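Overview (structure and organization)
Each chain is listed here by its residues.
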Amino acid sequence: FEHRSQKGCLAGKKVVVTAGGTIERIDPVRYITNDSSGKMGVAFAAAAKDMGAEVTLVAANMQVPYPADVEVVKVQSAQEMYEAVHKLWPKTDIMVKAAAVADYRPAEAAKQKIKKKDDTFTLSLVKTIDILESLGKEKTHQYLIGFAAETNDVEFHAKGKLERKNADLIVANDVTKPGAGFGTDTNAVEIYDKHGLVKELAVISKDEVARQVFQIAISQMEGRE
Ligand code: CTP
Ligand code: CA
């Protein structure tokens, strides 16, 4: 019954959630990725749906099933995710950037399988585009929620990311904490806006994290309407 009052509070809103970890190709049989399971993004998509939103999940290399009744756009690389979210952006009300996007990709993806030769092999990497930052630059009516995965100085890094990327909220977690981070069903997060810490949540389910974050987003959006 706890959630009954939340039903419908995102009615009429279009929510886009990115989830999973991007895949950056080295050659046709090899790639670089990360440990993101997609659980956090799935929890946000399911919570948004349950709260009455129209939801699109932009998913990269998911290790968990998709939630029911949610439109799914499958992508692989950071570049594909960038293109998918920018297509959706004009009609988005709330963007949740839960995906773990690769920071670097191979300078070029070889067309054919790379053959082994010398004793050492150097892979040249180039920076990917920062999707969250690019959305922050094109913000009009949208409410933009970013994440920060940190191992140290959480507050400092979260505030820096909020400002640099022009996000409305940053959901930050210390991935070294027990019960937080990749692959777990729970998370312990600190939520920041431009004024500083909004809320600190002890270890709770990712579903409950998502609901709490949406509650904050809704009340802030109402305040500026
Ligand atoms: N992000 C993004 N595009 C990238 C890298 C990150 O959109 N190329 C987004 C993530 O989806 C997340 C936020 O930026 O919402 C923060 O990601 P994080 O990896 O914590 O921060 P970075 O800015 O990449 O910095 P660093 O990894 O050095 O801490
Ligand atoms: Ca990063």
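All of the points below concern the structure found in this document. Keep in mind that what you see is a predicted model, and the values were worked out from it rather than measured.

So, the packing of aromatic side chains
All told, the structure shown has two aromatic pairs when counted by the stated rule. Between the aromatic rings of phenylalanine 44 and phenylalanine 147, the centroid separation amounts to 5.5 Å while the plane-to-plane angle is 85 degrees, which identifies the pairing as edge-to-face. Separated by 103 residues along the polypeptide, phenylalanine 44 in helix α1 (residues 39-50) and phenylalanine 147 in strand β9 (residues 143-150) bring together distant segments of the chain. Looking at phenylalanine 44, the relative accessible area reads 0%, which means it is buried. Ring centres of phenylalanine 44 and phenylalanine 214 lie 5.4 Å apart, and the angle between their planes is 70 degrees; this geometry places the pair in the edge-to-face category. Taken as a pair, phenylalanine 44 in helix α1 and phenylalanine 214 in helix α5 (residues 206-224) lie far apart in primary sequence, 170 residues in all. Comparing phenylalanine 44 with phenylalanine 214 shows no difference in burial state: the two are buried. Three or more aromatic residues link up through ring pairs in this structure, and these residues are Phe44, Phe147 and Phe214.

Section: the nonpolar core
Formed by 37 residues in total, the largest nonpolar core has its most connected members in Leu10, Val15, Phe44, Ile94, Val96, Ile145 and Phe214. Mapped onto this core, the elements with two or more residues apiece are β1 (14-20), α1, β4 (54-60), β6 (94-97), β9, β10 (169-174), β11 (186-193) and α5. A per-element tally of this core places α5 first, with eight residues. By size, the runner-up hydrophobic cluster in this structure holds 14 residues, among which are Val75, Trp89, Ala99 and Ile131.

Some details on the site of ligand 1
Taken together, 16 residues are adjacent to ligand 1, and Lys97, Leu132, Phe147, Lys161 and Lys165 come closest. The separation between an oxygen atom of ligand 1 and a polar main-chain atom of alanine 99 is 2.9 Å. In this structure, isoleucine 131 approaches ligand 1 through a main-chain N or O atom, which is 3.0 Å from a nitrogen atom. In the complex, 77% of the free accessible area of ligand 1, which totals 570 Å², lies under the protein chains. Of all the cavities here, the one that holds ligand 1 is the largest pocket. Listing elements by their share of the shell around ligand 1, those giving two or more residues are α3 (131-137), β9 and α4 (154-165).

Reading guide: rules and limits
- Within every chain, residues take consecutive numbers counted from 1 along the sequence as written.
- Throughout, the order in which chains and ligands are written sets their labels, letters from A for the former and numbers from 1 for the latter.
- With pLDDT at 70 or above as the cut-off, local features in this predicted model cover only qualifying residues; side-chain atom pairs require 80 or more to be listed or tallied, and sums for whole chains, interfaces and linings still use all residues.
- Note that the side-chain values use all heavy atoms of the structure and ignore hydrogens as well as water.
- Only centres within 6.5 Å qualify two rings of Phe, Tyr or Trp (six-membered ring in Trp) as a pair; their planes then separate them into stacked at under 30 degrees, edge-to-face at over 60, and tilted for everything else.
- Starting at the N terminus, helices and strands are each numbered in turn, a helix being any DSSP run of H or I of at least four residues and a strand any DSSP run of E of at least two.
- The buried label applies to any residue whose accessible area, calculated with a 1.4 Å probe on protein chains only, is under 20% of its type's maximum; exposed applies above 50%, and partly exposed to all values in between.
- Among buried residues, the Ala, Val, Leu, Ile, Met, Phe, Trp, Tyr and Cys ones that are joined through side-chain atoms within 4.5 Å form a nonpolar core.
- Residue proximity to a molecule or strand is established when one non-hydrogen atom of the residue lies within 4 Å of it.
- Any N or O atom pair separated by 3.5 Å or less is treated as a polar contact, with the protein-specific requirement of one donor-capable and one acceptor-capable atom, and with residues adjacent in sequence counted only for side-chain atom pairs.
- Surface accessibility in these figures is a Shrake-Rupley result with a 1.4 Å probe; residues are shielded only by whichever protein chains are displayed.
- The way it works is a 1 Å grid over only the protein atoms, where trapped points that fit a 1.4 Å probe form a cavity and open points with protein on both sides within 12 Å along at least five of seven lines form a pocket, and then any residue with an atom within 4 Å of a point lines it.
- A molecule is said to be in a cavity or pocket once over half of its atoms fall within 2 Å of that pocket's grid points.

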